[in-house]
Structure formats: structure tokens, C-alpha cells
Amino acid sequence: MYTKTTNKIKVTVLPQYLGEQSEPNENRYFWAYTIQLENHGQDTVKLVNRYWHITDGMGRSQEVRGPGVVGEQPVLRPGDAFQYTSGVPLNTPSGIMVGQYEMMSEKGDKIDVAVPAFSLDSPFGMGKPN
């Protein structure tokens, strides 16, 4: 589990390798990751955009940007939590992800919230942790 708090928003990530959806003989590996966001601040915030930087085990990177998460732009009041699960495919048996959420307060202030770097590991990794 990986956790980071930025601007009073706590982000917890739990990645999980999905062997039943992966095909190692064809260099297709798949992970699910569950993210929980917790608002420990005093202001209501809305998750507007997401950004991911994904690096596979060979050092190849890709960036993903888009509105919200899993088709939603959740609103978190003080004390609220929101959890979702998504997935990521790679052509290598390991990788790493790091990201950021752009949130907006009710007052219209932009708030950047960091997602901690988290490792994508499988039983087929080359023995070096990410």
C-alpha cells in the first residue's frame, strides 16, 4: 500500500497483479489499482482532472490525461472518502506509476494532489523491485 497526503487530501493506492487477465507468453501483463481519496481539509473539493506517468520495466514511458476518474468527477466534502478501481496494461512484467489529480475547491481555487509512485510487480519480474 502506498499513501501520500497533499493539501489535506490523502491518497492511498493498492495495486494488484491480475494473472487471470495477463498473458505472459504474449508479453501482456495487467494490474488493477484501487485508490482511496480522503478529504481531511475544511473545504469541499471536486476531482476535475487526472494525470498519470506510467513507466514499464524497459523504461518506456507514457502519459495519460483526462477528466475525472472512471467516468466520474467526485465531490468530497470535509471528512468524505471516495474509492475506485481501475487498471493498467503493460508489455513488461513490471513497471511504475505516479500521478496527480487536479481538484477544484468550492471557492474556485485549483488544488493539485499528488498520487504517490507505486510499483507494478508480477511473479514474472526480473528480480529487481521498482
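For the structure given in this document, a descriptive report is provided here. (Residues numbered from 1 in each chain as written. Predicted model: local features only at pLDDT ≥ 70, side-chain atom pairs only at ≥ 80, totals over all residues. Heavy atoms only, no water.)

## Quick notes on the pairing of strand β3 (residues 29-39)
Convention followed: Any residue under 20% of the maximum accessible area for its type is buried, any over 50% is exposed, and the rest in between are partly exposed; the area is computed with a 1.4 Å probe on protein chains only. Each helix is a run of DSSP H or I of at least 4 residues and each strand a run of E of at least 2, with the numbering of both proceeding from the N terminus. Here a strand pair is declared whenever DSSP counts at least two bridges between the two strands.
With respect to burial, β3 is a largely interior element, eight of its 11 residues being buried. Bridge count for strand β2 (residues 9-17) against β3 is nine bridges, and the pairing is antiparallel. Looking at β3, one finds that V13 is bridged to I35. Where β3 lies against strand β7 (residues 81-90), 10 bridges are found, and the strand directions are antiparallel. Note on β7: the bridge partner recorded for L37 is F82.

## Comments concerning the environment of S61
Formally: It only takes one pair of heavy atoms within 4.5 Å for two residues to be counted as in contact.
Structurally, S61 can be placed in strand β5 (residues 61-67). Judged by relative accessible area, S61 falls into the partly exposed class, the value being 46%. In the structure, S61 is positioned 34 residues away from G95 in sequence and 9.6 Å away in space, judged by C-alpha atoms. Among residues more than four places away in sequence, those in contact with S61 are H53, I54 and T55.

## Digging into unusual backbone geometry
Although it is not a glycine, K8 sits at a positive phi angle of roughly 70°. Secondary-structure assignment places K8 in the loop between β1 (2-6) and β2. Phi is positive for V70, close to 40°, though the residue is something other than glycine. Locating V70 in the fold gives a position in the loop between β5 and β6 (75-76). Of the residues examined, V70 reaches a relative accessible area of 43% and is grouped as partly exposed.

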